[in-house]
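# Close look at the chain arrangement
One-letter residues, chain by chain:
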Amino acid sequence: MTESLPFIKMHGLGNDFVVVGPEDAGREVDWPRLARETGDRHFGVGHDGLLLVERGTTAAAEFRMRMFNPDGSESEMCGNGIRCFAKYLYDTGLTRAESMRIETGAGVQQIRLLIDEAGAEVRAVVVDMGVPVFAAERIPVLSERAVVEREPLLVDGQCFEISAVSMGNPHAVAFVDDVQRVPLERVGPLVEHHPWFPRRVNFEVVSVQARDELTMRVWERGAGMTLACGSGACAVMAVARRLGLVDDTALIHLPGGDLS
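These lines cover the structure that appears in this document, whether it is placed above or below. Sequence positions are assigned chain by chain, starting from 1 and proceeding in written order. Where totals are concerned, whole chains, interfaces and linings use all residues; where local detail is concerned, this predicted model gives features only for residues with pLDDT of at least 70, and gives and counts side-chain atom pairs only at 80 or more. Hydrogen atoms and water are omitted, and side-chain values are computed over all heavy atoms in the structure.

### Re the overall build of the protein chain
Going by this rule: Strands are runs of DSSP state E lasting at least two residues, helices are runs of H or I lasting at least four, and both sets are numbered from the N terminus onward. Just to be clear, the radius of gyration here is over C-alpha atoms, and the globule rule we use is 2.2 Å times residues to the power 0.38. For every residue, the accessible area (1.4 Å probe, protein chains only) is compared with the maximum for its type, and the residue is labelled buried under 20%, exposed over 50%, or partly exposed between those bounds.
Secondary structure summary: the protein chain contains five helices and 16 strands in total. For 260 residues, the compact-globule estimate of 2.2 N^0.38 gives 18 Å, and the protein chain sits close to it at 18 Å. In terms of overall dimensions, the protein chain has C-alpha extents of about 50 × 40 × 35 Å along its principal axes. Looking at the protein chain residue by residue over its 260 residues, the buried ones come to 52%.

### So, the packing of aromatic side chains
Defined as follows: Only Phe, Tyr and Trp rings take part, Trp by its six-membered ring, and two of them pair if their centres are within 6.5 Å. Stacked means planes under 30 degrees apart, edge-to-face means over 60, and tilted covers everything else. In this scheme, Lys NZ or Arg CZ marks a charge over a ring once it lies within 6 Å of the ring centre and within 35 degrees of the ring normal.
Within the structure shown, the criterion is met by two aromatic pairs. Centroid distance Phe 160 to Phe 203: 5.6 Å. Interplanar angle 80°. Geometry classified as edge-to-face. Separated by 43 residues along the polypeptide, Phe 160 in strand S10 (residues 158-166) and Phe 203 in strand S12 (residues 202-210) bring together distant segments of the chain. Neither Phe 160 nor Phe 203 differs from the other in exposure class; each is buried. Plain terms: the ring middles of Trp 196 and Phe 197 are 6.2 Å apart, the flat faces sit at 65° to each other, and that makes the pair edge-to-face. Seen from the ring of Tyr 90, Arg 96 lies directly overhead, with NZ or CZ sitting 3.9 Å from the centre. Across the ring face of Phe 134, the terminal group of Arg 242 is positioned such that the distance to the ring centre comes to 4.5 Å.

### Quick word on the nonpolar core
The line we're drawing: The definition of a nonpolar core used throughout is a set of buried Ala, Val, Leu, Ile, Met, Phe, Trp, Tyr and Cys residues joined through side-chain atoms within 4.5 Å. Throughout, a contact is declared for two residues whenever any of their heavy atoms are within 4.5 Å.
The biggest cluster of nonpolar side chains holds 49 residues, and the ones touching the most others in it are Leu 89, Ile 102, Ile 111, Leu 113 and Met 216. Other than its neighbours up to four places away in sequence, Leu 113 contacts Ala 86, Tyr 90, Ala 97, Glu 98, Met 100, Val 122, Ala 124 and Val 125.

### Side note on the pattern of salt bridges
What counts, and what does not: The salt bridge definition used is simple: a Lys or Arg side-chain nitrogen within 4 Å of an Asp or Glu carboxyl oxygen.
In this structure the tally under the stated criterion is 20 salt bridges. Lys 87 is the salt-bridge partner of Glu 121, the closest N and O atoms lying 3.5 Å from each other. One end of the pair, Glu 121, is in the loop between strand S7 (107-115) and strand S8 (122-128); the other, Lys 87, is in helix H3 (residues 79-91), with 34 residues separating them in the sequence. Salt bridges linked by common partners bring Lys 9, Asp 16, Arg 41 and Asp 48 together as one network.

### Some remarks on the layout of surface pockets
For the record, the criterion: Here a cavity denotes a set of grid points, spaced 1 Å apart and computed over the protein atoms alone, in which a 1.4 Å probe fits but from which it cannot get out, and a pocket denotes an open set meeting protein on both sides within 12 Å along at least five of seven lines; residues with an atom within 4 Å of a point are reported as lining. Grid points are joined across faces, edges and corners, and a volume is the space filled by probe spheres set on the points. The classification used treats Ala, Val, Leu, Ile, Met, Phe, Trp, Tyr, Cys and Pro as nonpolar, Asp, Glu, Lys and Arg as charged, and all other residues, Gly among them, as polar.
Space inside the largest pocket adds up to approximately 760 Å³. Lining the largest pocket are 32 residues, and of these Val 127, Gly 230, Cys 234, Leu 259 and Ser 260 lie nearest its centre. Listing elements by their share of the lining of the largest pocket, those giving two or more residues are strand S1 (8-12), H3, S8, helix H5 (230-242) and strand S16 (257-259). Split into classes, the residues belonging to the lining of the largest pocket amount to 18 nonpolar, eight polar and six charged.

### Here we look at the side chain of Gln 109
Here Gln 109 lies in strand S7. Contacts of Gln 109, omitting those with residues within four sequence positions, involve Met 77, Ile 82, Met 100, Arg 101, Ile 102, Thr 104, Asp 128, Met 129 and Gly 130.

### Considering the pairing of strand S3 (residues 49-55)
Each regular strand shows side chains that alternate between the opposite faces of the sheet. Selection criterion: Paired strands are those between which DSSP finds at least two bridges.
For S3, the buried fraction is high: six of the seven residues fall into the buried class. Alignment of strand S2 (residues 15-20) against S3, held across four bridges, turns out to be parallel. Bridging across to S3, Phe 17 finds its partner in Gly 49. Looking at chain direction, S3 and strand S4 (residues 63-68) are connected through six bridges and run antiparallel. Looking at S4, one finds that Val 53 is bridged to Met 65.

### Overview of unusual backbone geometry
Of the consecutive residues Ile 139 and Pro 140, the connecting peptide bond is found in the cis state with omega at -5°. Relative to the helices and strands, Pro 140 resides in the loop between S8 and strand S9 (151-155). One non-glycine residue, Leu 13, adopts positive backbone phi at about 60°. With respect to the element layout, Leu 13 can be found in the loop between S1 and S2. Since its relative accessible area comes to 18%, Leu 13 is described here as buried. The phi dihedral of Arg 150 falls on the positive side, at around 55°, and the residue is not glycine. Position of Arg 150 relative to the elements: it lies in the loop between S8 and S9.

Following this line, the structure appears as structure tokens:
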């Protein structure tokens, strides 16, 4: 496109986004193409996702978030993306509500903002990511098992024990001794595009430090290696809790920072 399109660049733990406001999100734009062009970190702006701020389509939510990955595909949900989205709404004056519901491709998400004492700026965003889905057919995973839990998956000569879960988008979680020793840039795309996952998948490798502490790295569907992934952190926590590896709360270390 030749005409200008205003945007704001935001990030959550280094998981970065180009955010387009509601006055421009409704324009006739080839958003998948724009996501590919702007997502290039050398010839474009560079991002892990293009976020569109739209008005909600139902009475359940005033605003709707759409997100396009750097490869042009549209994602149902993004944990760090929706945190940036909610902060954008408040900091730009589109809402003064400290609690809100935001429509996404994965349904309506409940958000709570933590505001500074002056009431001027969002300090943190708390997201209710909903109930994890472990049913294989709903993630989806092509498996004879109703729940895919610690299933061996051989890629690039390495065997990973995969546990699958949906947080509104599909995730494959593998527990390893040392996340830094996993060649994620090589095995990540192989897992993402593996025949088990007809809609592709986000891939997380995770190490357990203690019952309240995890370390993870992520290969995101449509984006590649990123510094953080909110839905991925929730997926890791959900699987770890299901397997009895952690208690009810944990600090999760990602390359871009920590999530609770």
